[in-house]
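Here's the letter readout for the chains.
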Amino acid sequence: MGQIIVMTSGKGGVGKTTSSAAFATGFALRGHKTVVIDFDVGLRNLDLVMGCERRVVFDFINVINGEAKLYQALIKDKRVENLYILPTSQTRDKDALTKEGVEAVMDELRKEFEFIICDSPAGIEKGALMALYFADQAVVVTNPEVSSVRDSDRILGMLAARSRRAELGQPPVIEHLLLTRYDPIRVERGEMLNVNDVLEILAIPLLGVIPESQAVLRASNVGVPVILDDTSNAGMAYADAVARFLGEQLEHRFVKPEKRGLFSRLLGRTA
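Small disclaimer: the values here were computed from a predicted structure and weren't measured.

S.K.: Mind showing me how you'd approach the overall build of the protein chain here?
M.R.: In terms of regular secondary structure, the protein chain is built from 13 helices and eight strands. Relative to the compact-globule value of 18 Å for 271 residues, the protein chain shows a C-alpha radius of gyration of 19 Å, a close match. When its C-alpha atoms are laid out on the principal axes, the protein chain stretches across 65 × 40 × 35 Å. Out of the 271 residues belonging to the protein chain, those deemed buried represent 53%. By sequence separation, contacts in the protein chain at least 24 residues apart represent 75% of the contacts at least 6 residues apart.

S.K.: Looking at this model, I keep getting lost on the packing of helix 1 (residues 16-29) against helix 12 (residues 233-245). Mind explaining?
M.R.: Axis angle and axis distance: for two packed helices, these are the angle between their axes and the distance between the axes, and together they describe the pair. It is at 9 Å that the axes of helix 1 and helix 12 come closest, and there the two elements cross at 60°. Between helix 1 and helix 12, the angle is such that the two are oblique. You can see that helix 1 and helix 12 cross each other, and the crossing is right-handed. Residues T18, S19, A22, F23, G26 and F27 of helix 1 pack against Y238, A241, V242 and F245 of helix 12.

S.K.: Can you help me understand unusual backbone geometry in this one?
M.R.: A positive phi angle is found at A203, which is not glycine, with a value near 55°. Among the structural elements, A203 can be located in the loop between helix 10 (195-202) and strand 8 (206-211). In this model, F254 sits at a positive phi of 65°, which is unusual for a non-glycine residue. Within the secondary structure layout, F254 lies in the loop between helix 12 and helix 13 (262-270). The exposure class assigned to F254 is buried, which follows from its relative accessible area of 18%.

S.K.: Which parts of the structure should I look at to understand helix 5 (residues 99-112)?
M.R.: Side chains that are three or four residues apart share a direction in an α-helix, a result of its 3.6 residues per turn. For helix 5, spanning 14 residues, the distance from its first C-alpha to its last is 20 Å, which sits close to the expected 20 Å at 1.5 Å a residue. Among the residues of helix 5, G101, V102, V105, M106, L109 and R110 are the ones counted as buried. Buried residues in helix 5, looked at end-on, bunch into an arc of 165°, giving them a common side. Looking at helix 5, the residues exposed on the side facing more than 90 degrees away from the buried face are E100 and K111.

S.K.: How should I be thinking about the environment of Q72 in this particular structure?
M.R.: Secondary-structure assignment places Q72 in helix 4 (residues 70-73). Among the residues examined, Q72 registers a relative accessible area of 44% and is labelled partly exposed. On a C-alpha basis, the gap between Q72 and Y133 in space is 25 Å, while along the polypeptide they are 61 residues apart. In terms of polar contacts, Q72 uses its side chain to reach the backbone amide nitrogen of K69, at 2.8 Å.

Cut-offs applied
Residues numbered from 1 in each chain as written. Predicted model: local features only at pLDDT ≥ 70, side-chain atom pairs only at ≥ 80, totals over all residues. Heavy atoms only, no water. Helix = DSSP H or I, 4+ residues; strand = E, 2+ residues; numbered from the N terminus. Rg over C-alpha atoms; globule rule 2.2 N^0.38 Å. Buried < 20%, exposed > 50% of the residue type's maximum accessible area, 1.4 Å probe, protein only. Contact = heavy atoms within 4.5 Å. Axes fitted to C-alpha atoms, helices over the stretch in contact; angles between N-to-C directions. Parallel < 35°, antiparallel > 145°, perpendicular 65-115°, else oblique. Left-handed = near helix turned anticlockwise from the far one by under 90°. Expected span 1.5 Å × (residues − 1). Arc of directions from axis to C-beta. Polar contact = N/O pair within 3.5 Å; in protein donor to acceptor, adjacent residues only side chain to side chain.

Next up, the structure:
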């Protein structure tokens, strides 16, 4: 049976959709049959980040309402084998997500896929709560800012109290921390929380640190998951995080300012 993984946060704009696309692609690149689902009904963006917006015919809500079969709505990625996208509706509202409907889709997907990634909307409204309800594991995405970390702490409380596992008294949702938009230079200046500050507040295992990078914006604009840009720091950091999720022991990179040699500094002065 497949594992359901929710990408969640309390605050918007922290990189959940970027992270959902990167993780789904990373799992598929490693041979795991993976589907990523957009739970942000009415404000979908996952299809844009995955570069398949023109291929959307049916969506998640059509499947829930019985207007289409699941495999009519699933979009197979053209670049990566084993990768599928389930877009959501741009025209419905969050009330279209019913617990019974989502459960039926999840049960069907579990039979076919190793990993089912749920790209959650921000906050604690219905779409976000529905995305986390069925989760086996959660990747809590946060920026190194006090407001973002505080909101993520509230999401951890929701995972502990409002998930199906909590309701049924099952083992709790396994939690992971993904720290995004990390800038070691700004951290040194005291403009951002450092990794240890965030870990002290949230007290969950660190899965990865994704550095602030223009590569993320470039990738989103052209509809390519940033993990496929294996020359960028962000792409490499996502690949590391996927590897850690799958059990590899890797040192965290990109958490300290890059040391520049004399030659680099001289070039920097003349640039």
